[in-house]
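Secondary and tertiary structure notes
One letter stands for each residue in the lines below.
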Amino acid sequence: MFDTLEVVELAADLTPESLRSTLDDVLAELSERVAPTSMARERLLPVHDSLRPLFPDGGLVRGRVHGCAGSGGTTVAMAMARDAVVAGAWMAVVDVDTFGVEAASELGVALERVVRVDTGSSGCVPSDDDVVDRDGSTADSGRRWLEVMAAAVDGFDIVLTAVPAVWRTPEGARRATAGLRSLAARLQQRGSIMIVVGPTGAVPIDVSVRASSTWEGLGHGHGVISRRQLRAQTTGRRQPNPASCELELIAAGQRLELRALPDAGAERATGPDLRLAV
Amino acid sequence: MSGSSAAGPAEGIELSERSGAVEPERFVTVWCPDWPIVAAGYGSDQPAAVLRSHRVVARTEAAAADGVVIGQRRRQAQARCPQIELIEHDPTRDAREFEGVVRAVADMAPRLDVIEPGWITLAVRGPSRYFGGDEAVARRLVALVGETLGGQVGVEAGGEADAAGASAVRDIRVGVGVADGRFAASVAARLSARRGVPVVVEPGGSPAFCAPLAIGWLQTLGEADADLVDLFTRLGLRRLGQLAELDDADVLGRFGRSGVHARRLAAGFDERPATTDDPPPERRVTKMFDDPVAQSEAVVFVAKQLADDVAARLAAVGSVCTRLVVQFETEHGERSERSWYRSTGLTSAAMVERVRWQLDAWMRLPKGSEGEITAGVALVRLIPEEIIADQGVQLGLWGGQSDADRRAGAAIARLTTLTSERAVTVPVWQGGRLPAERYRWVPATTVDLDGRAERAGVAALPGFVSVTGTGSSTGPRASVLTRASGSGGADESELANAPWPGSLPPPSPATVYAEPVPIEVVDEHGVMVQVSGRGVVSASPAGAYRLLGGASEGWRRGSLRSVRAWAGPWPLDQRWWEPARHRRLARFQMVLGRDGDQERDEDGDQAVLVVAEHRRWWVIARYD
């Protein structure tokens, strides 16, 4: 939980007396000052009730990289951003040229605080089923993406993005590490949240959300999609206990209602062995 | 007002220092309450409300009678009035519908300021001399606006308003107020809208008129922010008169510049007299096109450069423009000229937005009306008619920009320099029947993001809107919302009662492909499914091949996925009157199975939106 930069700042604040004290004392003092759980709470962005089971902190922790994949990944990403954007946060959509504005609007995302940025590099489809593989991108486009992402992270609380194709190859991943590390550090420092839709490639993911969907209302030659059941599961290095939740999206007028379903699956997913670990 | 004698000398000095106009100019203000709902074409007897960011910003009288209040959430409004029609707010529509009123009033007195759709102010001296008194002008304006709206709206809503008769259905309220100073006139107009008769304040009567009014009026008219008004209230200054009695120096010491501004208005003085002189020619900026431009976007882009130029020049001398005249001329000599006013100053983005509104309203004039646009725009001119010293007041409006808004604004500027103007965009609703058509991405630099942020700030402050009154009373705070939203920009605006028959109901696909993905839909025998011109499917779809390759090298079949469920075809034949943009296609929703793809089996099925066009199949969007 220690934020390196904050520790450095705190060290700078220390009085000469405490500097003279032993290293243990300094560390103890630091841990006391940094430890309060309110620190973590302050660094939270709100998240919709129905998704809360996924995030044990009760919201989206600032500075983290979230990955959303699977069938329904984009919808989950939009739903995750929704409450924060409604509460006044801004969202940048970087290089997701497939962003369905109407779907976002139906979910209740406040569109007046959504800005789209195209780096002109990848135009990649955030699709893990690789419907199209337009792999025309170069290392240069990857650098552009990093540059734009750094600027976006500075100004926006939420940055929704897709990783350019070049950072998804093993070769590109090797070259990208330094740049990606400084992006992650900047993210931590600015307290923004990054949501990656589709394949993540070389980008280190803190919390990865995997979604799967079933649809209702469609028959064989009749009906129309009217309800969707979405199951999302989180894992990742910042999420020691995998969590899952199930929700339903129901069309209500021009809106979609998000409702949590009583989740029998969550019990199974976490399982008794993991409980023991806690 | 008792305090006027004590405060008088100080004011005299201040005013003469500022402008030399000791006697404030008289204004007449026309105010159409709940303009967004009128613009949407609803009569007062239909329960309806206009929403922005899930909050009611305007509603009809029928809705008000059921307890729908401005500032309410969508759910609360629906709970109070289940049969209510909810419409998303569309500032462009407001501006467009208001054009008729502006034109009618401009016929009577050409020099008018449009403050926002639904709100006009003009200097009354000339018209009053011509028509024989302020009362006469006010009555004339009421009649004029009522006539315009009755006609215009009645025609517009002819389909739904049916035989009840346009005049009976359209009980449109118009407020007209005359007073010394813009502020007092605007207050008078709002009171007039409630009382149903024009309110005329005698010359020199503005201080006495303002004194007994609640302090919240400052906020209602956007002259002071919520924090300041709240502070005044907590300090016991509940009436404008009480504020006016304070000493100018004390107010400056305790409340700063904005406090002095508020006090001056409360005392019935207008800081900025309207001018009817022509501005010095060097302030105008003009762009002539060698080739007339027919696309509004291109004109807006040029206007953006002009606005940047104007704003930069004014900023260099520490000024900001409060009244901007925008002129267009076409190749055929048609002209459009409007004057736009914003008391806190127009930023370059706000100027561009007003250009956009004006252009949009002009281009959508009904055919055959006077001054209709028939050719490309050949000239754009921006004239900053009124400038004031920039005191940075625009930042504090509506409770202020949040830190997030400021950071985002800076980041947008930085991103624009990093990439290009066209690469940094914001969504604007435009309507359509296919997912890719429904929203348009407009360069962020041509939209008044400050305005969007301000309005967003209103919605985001829960304490701010929860204090609105109940029933049909429109409290000062409630009206702020109306105004805040009315000053809007191009925004998310999606009509709840879909004006696009034939578009698919929600949920909408979250992933919309910029370029459709070619596929081949086959029946159970592996034969490609055909859709006839009458919308009949040759066989039931059973599987879909992904197509690889290209049109040049030929298509080859990729992996096969089973069709688990499907519905359609929903045929679409649009723009048949325009050969170049004519599209004829059939839409399908399909759920594709994940068979044969063990690795990703856990993801489950995929729902996609598929179209058949020119005997080819495409995936245009995914319910991701």
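What counts and what doesn't
- Residues numbered from 1 in each chain as written.
- Chains lettered and ligands numbered in written order.
- Predicted model: local features only at pLDDT ≥ 70, side-chain atom pairs only at ≥ 80, totals over all residues.
- Helix = DSSP H or I, 4+ residues; strand = E, 2+ residues; numbered from the N terminus.
- Buried ≥ 20, exposed ≤ 12 C-beta atoms within 10 Å, placed from the backbone.
- Contact = placed C-beta atoms within 7 Å.
- Pairing = 2+ DSSP bridges.
- Right-handed = clockwise from strand over helix to strand, strands pointing away.
- Core = buried A, V, L, I, M, F, W, Y, C linked by C-beta atoms within 7 Å.
- pLDDT = per-residue confidence, 0-100.
- Axes fitted to C-alpha atoms, helices over the stretch in contact; angles between N-to-C directions.
- Parallel < 35°, antiparallel > 145°, perpendicular 65-115°, else oblique.
- Left-handed = near helix turned anticlockwise from the far one by under 90°.
- Nonpolar A, V, L, I, M, F, W, Y, C, P; charged D, E, K, R; others polar.
- Expected span 1.5 Å × (residues − 1).

Concerning the overall build of chain A
- Scanning chain A for helices and strands turns up nine helices and eleven strands.
- Per-residue burial over chain A gives 47% buried out of 278 residues.
- A separation of at least 24 residues holds for 66% of the contacts in chain A among residues at least 6 apart in sequence.

Focus: the overall build of chain B
- Scanning chain B from terminus to terminus reveals 22 helices and 20 strands.
- Taken across its 624 residues, chain B has 51% of its residues classed as buried.
- Sequence-distant contacts in chain B: of pairs separated by 6 or more residues, those separated by 24 or more amount to 64%.

Regarding the pairing of strand 7 (residues 175-180) of chain B
Residue and element names in this part refer to chain B.
- The element strand 7 is largely enclosed, with a buried count of six among its six residues.
- Taken together, the six bridges between strand 1 (residues 26-31) and strand 7 define a ladder with antiparallel strand orientation. The residue bridging Thr-29 from the neighbouring strand is Gly-177, located in strand 7.
- Direction of pairing for strand 7 relative to strand 8 (residues 199-200): parallel, over a ladder of two bridges. Along strand 8, the bridge assignment pairs Val-178 with Val-200.
- Taken together, strand 7, helix 10 (residues 182-195) and strand 8 constitute a β-α-β crossover, and its handedness is left-handed.

Re the nonpolar core
- Core analysis: the largest hydrophobic core is formed by 234 residues, its most contacted members being Ala81(A), Met91(A), Ala152(A), Ile158(A), Ile195(A) and Ala49(B).
- When residues in this core are grouped by element, the largest group, nine residues, is from helix 17 (residues 348-363) of chain B.
- Not counting residues up to four positions away in its chain, the partners in contact with Ala49(B) are Ile37(B), Val56(B), Ala58(B), Arg59(B), Ala63(B), Val68(B), Ala77(B), Ile84(B) and Leu86(B).

Some thoughts on the confidence of the model for chain B
Residue and element names in this part refer to chain B.
- Taken residue by residue, chain B gives an average pLDDT of 75. The fraction at 70 or more is 79%.
- Below pLDDT 50 for its whole length, residues 1-21 participates in 26 contacts with residues either more than four positions away or in separate chains.
- Two numbers describe this predicted complex: its pTM, 0.55, and its ipTM, 0.76.

Section: the sheet that holds strand 4 (residues 85-88) of chain B
All names here are of chain B.
- With mixed pairing, the three strands of this open sheet are ordered in space as 3-2-4. Only two strands of the sheet have a single neighbouring strand rather than two, namely strand 3 (55-59) and strand 4. Strand-to-strand twist in this sheet, taken as the mean axis angle between neighbours without regard to direction, amounts to 40°.
- One ladder, built from four bridges, connects strand 2 (residues 48-52) with strand 3; its direction is antiparallel. Note on strand 3: the bridge partner recorded for Leu-51 is Val-56.

Here we look at the pairing of strand 15 (residues 511-522) of chain B
Residue and element names in this part refer to chain B.
- Bridge count for strand 15 against strand 20 (residues 616-622) is five bridges, and the pairing is antiparallel. Residue pairing across strands places Val-512 opposite Ala-621, the latter belonging to strand 20.
- Of the pairings in the sheet, the one linking strand 15 to strand 16 (residues 543-550) comprises four bridges and is antiparallel in character. Bridge pairing in strand 16 links Glu-520 to Tyr-545.

A short note on the packing of helix 5 (residues 91-108) of chain B against helix 17 of chain B
Residue and element names in this part refer to chain B.
- At a minimum axis separation of 8 Å, helix 5 and helix 17 run at an interaxial angle of 55°. If you check the angle between helix 5 and helix 17, you find them oblique. Seen along the crossing, helix 5 lies across helix 17 with a hand that is right-handed. Taken together, the residues of helix 17 that come into contact with helix 5 (itself represented by Thr-92, Ala-95, Arg-96 and Glu-99) are Trp-357, Asp-360 and Ala-361.

Considerations on the sheet that holds strand 10 (residues 243-252) of chain A
- Ordered in space as 11(A)-10(A)-9(A)-8(A)-3(A)-7(A)-6(A)-4(A)-5(A)-13(B)-14(B), the eleven strands form an open sheet in which the pairing is mixed. Each end of this open sheet is capped by a strand with a single partner; those strands are strand 11 (255-261) of chain A together with strand 14 (439-443) of chain B. Taking each pair of neighbouring strands and ignoring which way they run, the sheet shows an average axis angle of 30°.
- For strand 4 (residues 91-94) of chain A and strand 6 (residues 158-161) of chain A, the ladder comprises four bridges, and the chain directions are parallel. By the bridge assignment for strand 6 of chain A, Met91(A) is matched with Ile158(A).
- Those strands touched by helix 5 (residues 73-86) of chain A are strand 3 (65-70), strand 4, strand 6, strand 7 (193-197), strand 8 (207-218), strand 9 (223-235) and strand 11 of chain A, and its axis lies near 140° from that of strand 3 of chain A.

Side note on the interface of chain A and chain B
- Between chain A and chain B, the residue contacts involve 61 residues of the former and 60 residues of the latter.
- Of all the secondary structure elements, the ones that give two or more residues to the side of chain A that touches chain B are helix 5, helix 6 (101-107), strand 5 (114-117), helix 7 (139-155), strand 8, strand 9 and strand 10 of chain A.
- Sorting elements by how many residues they give to the side of chain A that touches chain B places helix 7 of chain A first, with six residues.
- A breakdown of the residues in the side of chain A that touches chain B according to their chemical character gives 26 nonpolar, 23 polar and twelve charged.

Describing the confidence of the model for chain A
- In this model, chain A carries an average pLDDT of 77, and 72% of its residues clear a pLDDT of 70 or more.
- When the criterion is pLDDT under 50, residues 1-5 of chain A qualifies, and its contacts beyond four places in sequence or with other chains add up to six contacts.

Thoughts on helix 10 of chain B
Residue and element names in this part refer to chain B.
- Here helix 10 contains 14 residues, and its C-alpha end-to-end distance of 20 Å stays within 8% of the 20 Å for a straight helix at 1.5 Å per residue.
- With eleven of 14 residues buried, helix 10 is to be regarded as a mostly interior element.
- Of the residues making up helix 10, those classed as buried are Arg-182, Phe-183, Ala-184, Ala-185, Ser-186, Val-187, Ala-188, Ala-189, Arg-190, Ser-192 and Ala-193.
- Once helix 10 ends, the next one or two residues include Gly-196, with phi positive near 85°.

A closer look at helix 16 (residues 296-316) of chain B
Residue and element names in this part refer to chain B.
- Taking 1.5 Å of rise per residue, 21 residues should cover 30 Å, and helix 16 covers 30 Å from first to last C-alpha, within 8% of that figure.
- Among the residues of helix 16, those classed as buried are Val-299, Val-300, Ala-303, Lys-304, Leu-306, Ala-307, Val-310, Ala-311 and Leu-314.
- The elements touched by buried residues of helix 16 are strand 9 (285-293), strand 10 (319-330), helix 17 and strand 12 (377-389).
- Immediately downstream of helix 16, the backbone of Gly-318 shows phi near 70°, a positive value.

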